[in-house]
Amino acid sequence: MTMERGLPDDKTVRTALALAVRAPSVHNTQPWRWRIGDRTIHLYADLSRHLESTDPDRRDLMLSCGAALHHLRVGLAALGWSTAVHRLPDPSQPDHVASVEVSRHTPTDEDIALAAAISRRRSDRRRYSSWPVPNAHIRAISDAAAREGVLVYQTDGPARATIEDAVFAASQVHANEPEYLTELAIWTGRNVSADGVPAKNAPVPGSSDPSYTRQFAAGTLADPVSTDESAGELLVFGTSSDDPMSQLRAGEAMSAALLTATAAGLAACPLTEPLEVSHLRTIVRTDVLDDNGFPQMILRVGWAPIAAGPLPETPRRPLDEVIDPFDRAPATADRA
Ligand SMILES: Cc1cc2nc3c(=O)[nH]c(=O)nc-3n(C[C@H](O)[C@H](O)[C@H](O)COP(=O)(O)O)c2cc1C
């Protein structure tokens with residue numbers, strides 16, 4: 001790709017991909033691969049990184065790929081490239097998640113603000129302060145998700161209690177599933193690794209409120225001493241269908257919501273554990289979404305307490321490990 005042909009140069013593509021891989025992913029598995037074609041960047045799901053016990057429906061995997069796809073779109077937009085995305089372009093290749101064509105544009109202030117939020121975003125699993133999240137922020141988050149075709153349900157009263165109960169119930173179910181616990185032990189509480197959830201980003205086991213967060217292995221993250229609140233909003237992301245396309249769109253919406261929240265100075269964390277247990281997902285669908293759609297993920301969002309320090313950045317695999325080696329190969333029909 002060269003500038004002369006009106007396409008981004010190598011450095012621009014790698015910069016955009018470096019932003020894309022900052023996307024959140026379930027257990028930081030980073031289940032994606034990239035191929036750079038002549039005019040198109042391709043995203044593939046890396047099924048070797050699928051968490052079979054934690055994520056039997058592959059929903060978290062598709063959500064993670066959707067988040068990476070949206071991060072790529074945001075990165076390219078800020079670098080001066082708009083995108084035309086073809087999602088799941090080849091039914092015979094379900095792991096081909098998207099192909100992204102680019103064309104020149106002038107970045108907007110919003111493009112730049114969202115891209116700047118990428119490197120500041122963290123999954124914050126600590127308690128949140130009791131300060132209310134202003135409605136304008138909730139609206140901005142919901143609008144960002146709606147632009148990706150996803151509805152956000154703000155929960156309070158009985159609906160919120162349903163989510164809290166489901167988070168707790170899911171942790172009880174998972175606590176008795178050896179295969180789930182094995183994946184948790186393999187992928188979380190790590191110290192030196194390019195993937196997985198680092199110990200320093202995971203709460204000390206038993207310290208966090210089990211109604212609000214997944215219990216990770218061997219965490220060392222402490223809550224700020226002065227905090228006993230566990231407030232914030234619980235937002236449920238719903239789609240009208242329940243296929244891989246919907247999950248992908250929900251992942252893009254999750255990314256849009258997270259970056260919007262981060263840009264507003266809010267703390268946030270995706271929460272999918274209750275939706276990984278089939279009967280609990282049905283309860284959320286019936287009691288929170290009134291059977292109107294399918295819950296794909298839950299977002300906890302709020303203000304970090306004043307005493308909470310910054311969270312460390314989580315690691316990512318080097319770009320060369322996730323870009324397929326035939327990068328720059330002569331274009332063929334299926335790689336164009
Ligand atoms: C689909 C999906 C599901 C997730 N589920 C949870 C969860 O249930 N609990 C949690 O604490 N974090 C969850 N996360 C957050 C990831 O663990 C986190 O994104 C990853 O470790 C990388 O860290 P970072 O977000 O700080 O960059 C989820 C992320 C994604 C994309």
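Residues numbered from 1 in each chain as written. Predicted model: local features only at pLDDT ≥ 70, side-chain atom pairs only at ≥ 80, totals over all residues. Heavy atoms only, no water.

(A) Structural view of the sheet that holds strand β8 (residues 233–239). In spatial order, the strands read β5-β8-β10-β9; together these 4 strands make up an open sheet with antiparallel pairing. What marks the edges here is a single partner per strand, and that holds for β5 (151–154) and β9 (267–271). Adjacent strand axes in the sheet meet at a mean angle of 30 degrees when their direction is disregarded. Where β8 and strand β10 (residues 294–302) come together, 7 bridges link them in antiparallel fashion. When the sheet's bridge partners are listed, Val236 is paired in β10 with Ile298. (Pairing = 2+ DSSP bridges. Helix = DSSP H or I, 4+ residues; strand = E, 2+ residues; numbered from the N terminus. Axes fitted to C-alpha atoms, helices over the stretch in contact; angles between N-to-C directions.)

(B) Expanded view of the pattern of salt bridges. All chains considered together, the criterion is met by 18 salt bridges. Among the charged side chains, a network of salt bridges with common partners joins Arg73, Arg87, Glu148, Arg249 and Glu252. (Salt bridge = Lys/Arg side-chain N within 4 Å of Asp/Glu carboxyl O.)

(C) Fine view of the nonpolar core. Core analysis: the biggest nonpolar cluster contains 52 residues, and Leu17, Trp34, Leu72 and Phe237 have the highest contact counts within it. Per-element tally for this core: the top contributor is helix α2 (residues 59–78), with 9 residues. Of the domains in this structure, domain 1 (10–120 + 317–324) and domain 2 (135–302) are the two that each give at least three residues to this core. (Core = buried A, V, L, I, M, F, W, Y, C linked by side-chain atoms within 4.5 Å. Buried < 20%, exposed > 50% of the residue type's maximum accessible area, 1.4 Å probe, protein only. Domains from an automatic or database assignment.)

(D) Seen up close, the packing of aromatic side chains. Applying the stated criterion across every chain yields a total of 0 aromatic pairs. It is Arg35 that lies over the ring of Tyr44; its NZ or CZ is 4.3 Å from the centre. Just above the ring of Phe294 sits the side chain of Arg285; from NZ or CZ to the centre is 4.2 Å. (Phe/Tyr/Trp six-rings, centres within 6.5 Å; stacked < 30°, edge-to-face > 60°. Lys NZ or Arg CZ within 6 Å of the ring centre and 35° of its normal.)

(E) Representation of the domain arrangement of the protein chain in the model. Structurally, the protein chain comprises domain 1 (10–120 + 317–324) and domain 2 (135–302). Put simply, the middle of domain 1 and the middle of domain 2, counted by C-alpha atoms, are 21 Å apart. Every contact between the two is made by 35 residues of domain 1 and, on the other side, 37 residues of domain 2. Both sides together, the interface formed by domain 1 and domain 2 hides about 2900 Å², and carbon and sulfur atoms give 61% of it. It is His27, Arg59 and Leu63 that lose the most area in domain 1 upon contact with domain 2, and together they represent 25% of the buried surface on that side. Residue Glu252 is joined to Arg73 by a salt bridge in which the shortest nitrogen-to-oxygen separation is 2.6 Å. Inspection of the domain 1/domain 2 interface yields 15 residue pairs in polar contact (both at pLDDT 80 or more). The set of elements that each furnish at least two residues to the side of domain 1 that touches domain 2 consists of α2 and α3 (109–118). When residues of the side of domain 1 that touches domain 2 are assigned to their parent elements, the largest contribution, 12 residues, is made by α2. (Contact = heavy atoms within 4.5 Å. Buried area = accessible area lost by both parts, 1.4 Å probe. Polar contact = N/O pair within 3.5 Å; in protein donor to acceptor, adjacent residues only side chain to side chain.)

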